[in-house]
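# A structural walkthrough
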Amino acid sequence: PQPGEVLVKVIGAGLCHSDLSVVDGSRPRPLPVALGHEGAGEVVEVGAGVRDIAVGDPVVFQFSASCGRCVNCQSGRPQICVIHGAARAKGELMGGGKRLSDSSGQRINHQSGVSCFAEYVVVDRGSVVRISKDVPLQTAALFGCAVMTGAGAALNTAGVRPGQSVAVIGLGGVGFSGLMGAKMAGAFPLIAVDINPEKLGLARQFGADHTVDPSEPDAVERIRDLTGGGVEIALEFAGAVRALETGYKILRVGGSLVTAGLAPAGHDFPIPAADLVTREISVRGSYMGGCVPVRDIPRFLDAYQRGEMPVDRLIAGTVGFEDLNAGFDKLASGSVIRQILTPHG
């Protein structure tokens, strides 16, 4: 690690749709790239100037480090730090340059400053959040992306209040985290929307009051009937324009559509312009759930330890490096929600 950086032994890394979208080209990134942005591990070395974290500390990676000085950081939005965004686009760490290379010396790009599909990683100090030692690190891995993005979208971006009607569209790891976040906030009724019947069944176990298959012809009308005219908040996590369209159609007057799903680059989502005024509809994006990681990761972990966010139930199993491609095939098919790469066996 260079000044301001740390070396981390990776204990667990989640297989996420954001990784898959780089693999299938939906989100173009500089290549070659070492993937992995959701994970947890143990600090094994610190660079010069790092004084607030020590060797042996358990940490969760967060995929959007912040400089603390740019206009976005100063306005309280560190998750969209300008400096880190520029480094991420170049496949570099925030301190500049790349720390990875192959056997021939060719430089390898970092994914979001993390690249935790590895045994060890060098990351910026701001890319890790120290956590309690009594949280299993393979479970803690999910809090660096799925939980922050989903629960944060419900609690921070949408600001769900008790008694508000909420629909959660797309039940992956992020979507289930959004469902748990909305439940914690007191949403009612809470409606889970997905085409997978097994995920809908699990959503009921996680506290959904109703479940709806959006592929059914009367899906929109059913949601409107369940909520007396439409939901106040629709949370979209599927990363598809059709899901956004469904979310928009089920809003009541004055409703808000919040999306944390990543639709493929180049796809457009048309909306009736007049609705923004005549129906006072709002459409908002949510990056990393609007989270301040050092604030939100510990509070979400606390909710997990209290039993309010049973994130471990989303984990289908663990994989080694040799099973990584097969694991992504399962993720793409929708047969699993989360799998954890365990680099050290």
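### Some details on the overall build of the chain
When helices and strands are tallied, the chain shows twelve helices and 16 strands. Computed over its C-alpha atoms, the radius of gyration of the chain comes to 20 Å, within 12% of the 20 Å expected for a compact globule of 345 residues. For the C-alpha atoms alone, the extent of the chain along its principal axes is close to 60 × 40 × 35 Å. Burial analysis of the chain (345 residues in total) assigns 53% to the buried set. Just so you have it, the chain exposes about 14,400 Å², and 51% of that area is on carbon and sulfur atoms.

### Examining the packing of aromatic side chains
Applying the stated criterion across every chain yields a total of five aromatic pairs. With a centroid separation of 5.9 Å and 65° between ring planes, the pair formed by Phe143 and Tyr304 is classed as edge-to-face. With Phe143 in the loop between α4 (137-140) and α5 (146-157) and Tyr304 in helix α11 (residues 293-305), this residue pair connects regions lying 161 residues apart in the sequence. The same class applies to Phe143 and to Tyr304, which are both buried. With a centroid separation of 5.3 Å and an interplanar angle of 55°, the aromatic rings of Phe176 and Phe206 are classed as tilted.

### Points about a nonpolar patch on the surface
A cluster of nonpolar residues, Ile271, Leu276, Val277 and Val283, forms a patch on the protein surface that exposes about 320 Å² of accessible area. Looking at where Val283 falls in the secondary structure, it is placed in strand β14 (residues 282-285).

### Here's the deal with the side chain of Thr211
With respect to the element layout, Thr211 can be found in strand β11 (residues 210-212). Taking relative accessible area as the criterion, Thr211 reaches 12% and is therefore assigned buried. At a separation of 2.5 Å, a polar atom in the side chain of Thr211 contacts the side chain of Arg204. Once residues within four sequence positions are removed from consideration, Thr211 is found in contact with Ala192, Leu200, Ala203, Arg204 and Arg222.

Thresholds applied
- Residues numbered from 1 in each chain as written.
- Predicted model: local features only at pLDDT ≥ 70, side-chain atom pairs only at ≥ 80, totals over all residues.
- Heavy atoms only, no water.
- Helix = DSSP H or I, 4+ residues; strand = E, 2+ residues; numbered from the N terminus.
- Rg over C-alpha atoms; globule rule 2.2 N^0.38 Å.
- Buried < 20%, exposed > 50% of the residue type's maximum accessible area, 1.4 Å probe, protein only.
- Areas by Shrake-Rupley, 256 points an atom, 1.4 Å probe, with all protein chains shown as cover.
- Phe/Tyr/Trp six-rings, centres within 6.5 Å; stacked < 30°, edge-to-face > 60°.
- Patch = residues over 30% accessible without salt bridge, like charges linked within 9 Å, V, L, I, M, F, W, Y side chains within 5 Å.
- Salt bridge = Lys/Arg side-chain N within 4 Å of Asp/Glu carboxyl O.
- Polar contact = N/O pair within 3.5 Å; in protein donor to acceptor, adjacent residues only side chain to side chain.
- Contact = heavy atoms within 4.5 Å.

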